[in-house]
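Structure at a glance
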There are 2 protein chains.
Amino acid sequence: MSTGQTRRGNTRQRIQDVALELFSEHGYEKTSLREIAEKLEVTKAALYYHFKTKEDIVISLFQDLARPCDELIAWAEGQPRTLETKLEVIRRYNEALRSAEPLFRFMQENQAAVRDLSIGETFKARMLTLFGLLKEDDAELTDQVRCITALFSMHAGMFAMQHVEGDPEEKRRAILEVATELVTAANPPNRRPVRPDSAQTASP
Amino acid sequence: MSTGQTRRGNTRQRIQDVALELFSEHGYEKTSLREIAEKLEVTKAALYYHFKTKEDIVISLFQDLARPCDELIAWAEGQPRTLETKLEVIRRYNEALRSAEPLFRFMQENQAAVRDLSIGETFKARMLTLFGLLKEDDAELTDQVRCITALFSMHAGMFAMQHVEGDPEEKRRAILEVATELVTAANPPNRRPVRPDSAQTASP
DNA sequence: GTCTATACCTAGATAGAC
DNA sequence: GTCTATCTAGGTATAGAC
């Protein structure tokens, strides 16, 4: 008996689908349980059978996003901290975003709402971990900005590039390319002072 | 000097200040008028005397942000579309962000709430205009991503860099530097030959 | 110009029938 | 598993006294 509830198909799954759709469309706060219930042609009480609270719905959605991210972090932490590893992190993260695009758009556009939703801290921590994986330990400020920008450009890109004509897949590749460049620039090949005649190397 | 903090002349201004503070802190939807009123030690009705609706408060806040942005756009549209102009746009935009940081953070974190608030479209249009000013007309996809990333890195940077140690002013400069590099990379000289002696309206 | 008091609505959430 | 019915709390907004 793999799955218990069978009678009406999986209502739980349908609730998640509709909830994510409405959360993304109108925002978390403005989406009411009544609205979700109506779209599913059930009552609010039916929702409460499957989820204890409204927040529980969003937490359950977050699982789908968390898994690939955690796997990515776990993988990266077992790798040498080389540039190749970092670029692979960017590549895989870009892939993870693609597979959970609506959810990520929701997270991006509802930061304020998500923040005090208890998964907010989790999400932020994950971003900081990824950031730590990308940057050098003693990185300069501009290189840190490059790494953060690389991460955020993949988030913001999905939403911002909607108004640019072009194939979505090509856009994704273009975003990945720029992010790759940023991380590469932030991780100079060998951090040795390669200027033998460094009489005045402009240090601002 | 007994500065009575409840001066009755500038209630409107005080409402704006407290509203922005709470909107930034808890998000737009979760901030109630009751909360604003309590913090000001007035009643909700007093708020409604100064602003027709809750949305009106946010619109009034938006004016402060809109003015410098509009001035920047107006200025840029009267300039030749050179790389120098574009870099100056980035520089001035970065400055505009600095002078209205809490508001911009609010806009960034409450996109979903702001979207159907009637100023959402205005805001988006402004971003697209800025984007159009930065990119070449026939720019490749990656160059367009570079320009968008330059803009968004300045937005996201302010929020994301909070967890990085360092002087805020230095961080701002680092962000500006990376944004400048992105726009520069997106406007390569070889794609559009720079003609140093072209007949152009004299720029001061 | 500001407040008291309140109208009216919808939210999230629960109890118990079927 | 889903329903009806209902609770409580809080929301936006208004009328009218001072």
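The numbering scheme is per chain: residues are counted from 1 as the chain's sequence reads. By the order in which they are written, chains take letters starting at A while ligands take numbers starting at 1. Owing to the predicted nature of the model, reporting of local features is limited to residues with pLDDT of at least 70; listing and counting of side-chain atom pairs is limited to 80 or more, with chain, interface and lining totals taken over all residues. With hydrogens and water set aside, each side-chain value is computed from the structure's full complement of heavy atoms.

Some points on the UniProt feature "DNA-binding region" (unreviewed entry) in chain A
- Under the UniProt annotation, the feature "DNA-binding region" (unreviewed entry) is placed at residues 32-51 of chain A.
- By definition, any uninterrupted DSSP run of H or I lasting at least four residues is a helix, any uninterrupted run of E lasting at least two residues is a strand, and each is numbered from the N terminus. Counting secondary structure, residues 32-51 of chain A comes out at 75% helix and 0% strand; the distance between its end C-alpha atoms is 14 Å. UniProt positions are given in the numbering used here, feature names are shortened, and annotations may be inferred rather than shown by experiment.

Details of the environment of B:Phe106
All names here are of chain B.
- With respect to the element layout, Phe-106 can be found in helix 6 (residues 101-109).
- Between the C-alpha atom of Phe-106 and that of Leu-20, which follows or precedes it by 86 residues, the distance is 7.8 Å.
- It only takes one pair of heavy atoms within 4.5 Å for two residues to be counted as in contact. With residues near it in sequence (within four places) discarded, Phe-106 still touches Leu-20, Phe-23, Ser-24, Tyr-28, Val-58 and Val-114.

Comments concerning the relation of the copies chain A and chain B
- The superposition of copies rests on a least-squares fit of C-alpha positions from residues with pLDDT of 70 or more in both. When chain A is fitted to chain B, the best match, at an RMSD of 0.1 Å, comes from turning it 180° and sliding it 0.0 Å along the axis. Accordingly, the operation relating the two chain copies is best matched by a two-fold axis.
- A high fraction, 100%, of the interface residues of chain A reappear at the interface in chain B, so the copies pair face to face through one surface.

Looking at the side chain of B:Gln111
- By the element assignment, B:Gln111 lies in helix 7 (residues 111-115).
- Relative accessible area serves as the criterion here: at 14%, B:Gln111 is assigned to the buried category.
- Among all residues touching B:Gln111, those that are not within four sequence positions of it are A:Gln108, A:Glu109 and A:Phe159. Using a 1.4 Å probe on the protein chains alone, a residue whose accessible area is under 20% of its type maximum counts as buried, one over 50% counts as exposed, and one in between counts as partly exposed.

Some remarks on the packing of aromatic side chains
- Only rings of Phe, Tyr and Trp enter the pairing, Trp through its six-membered ring, and a pair is recorded when the two centres are within 6.5 Å. The plane angle decides the type: under 30 degrees is stacked, over 60 is edge-to-face, the rest tilted. All told, the structure shown has 14 aromatic pairs over all chains when counted by the stated rule.
- Note that A:Arg92 overlies the ring of A:Trp75, its terminal NZ or CZ placed 3.9 Å from the centroid. To sit over a ring, a charge needs its Lys NZ or Arg CZ within 6 Å of the ring centre and within 35 degrees of the ring normal.

Quick look at the packing of helix 4 (residues 54-77) of chain A against helix 8 (residues 119-134) of chain A
Residues and elements named next belong to chain A.
- Contact geometry of helix 4 with helix 8 gives a least axis separation of 11 Å together with a crossing angle of 20°. The angle between helix 4 and helix 8 places the two elements in the roughly parallel class. For the pair helix 4 and helix 8, the sense of crossing is left-handed. Each of Val-58, Ile-59, Phe-62, Leu-65, Ala-66, Cys-69, Asp-70, Leu-72, Ile-73, Ala-76 and Glu-77 in helix 4 lies in contact with helix 8, whose residues at this interface are Ile-119, Thr-122, Phe-123, Arg-126, Thr-129, Leu-130 and Leu-133.
- Each residue belonging to the contact of helix 4 with helix 8 can be placed in one class, and the counts come to 13 nonpolar, two polar and three charged. Whenever a helix is involved, its axis is fitted only over the stretch in contact; in every case the axis is a line through C-alpha atoms, and angles between N-to-C directions fall within 0 to 180 degrees. Convention used here: angles under 35 degrees read as roughly parallel, angles over 145 as roughly antiparallel, angles from 65 to 115 as roughly perpendicular, and any remaining angle as oblique. Crossings are classed by handedness, with left-handed meaning an anticlockwise turn of the near helix from the far one by less than a right angle and right-handed meaning a clockwise turn. Throughout, the ten residues Ala, Val, Leu, Ile, Met, Phe, Trp, Tyr, Cys and Pro are labelled nonpolar, Asp, Glu, Lys and Arg are labelled charged, and all others, Gly among them, are labelled polar.

A closer look at the protein's contact with DNA strand C
- Summary of the distance rule: residues count as near a molecule or strand when at least one heavy atom falls within 4 Å of that molecule or strand. The full set close to DNA strand C counts 17 residues, and A:Leu33, A:Tyr48, B:Thr43, B:Tyr49 and B:His50 are the nearest of them.
- Whenever a nitrogen or oxygen atom comes within 3.5 Å of another N or O atom, the pair is scored as a polar contact, on the condition that within protein one atom can donate a hydrogen and the other can accept it, and that pairs from neighbouring residues in sequence are kept only if both atoms are in side chains. In the environment of DNA strand C, a phosphate oxygen lies 3.0 Å from a nitrogen or oxygen atom belonging to the side chain of A:Ser32.
- Residue assignment for the surface near DNA strand C shows that the elements contributing at least two residues are helix 2 (33-40) and helix 3 (44-50) of chain A together with helix 3 (44-50) of chain B.
- With four residues, the top contributor of residues to the surface near DNA strand C is helix 3 of chain B.
- Among the residues forming the surface near DNA strand C, the class breakdown is seven nonpolar, six polar and four charged.

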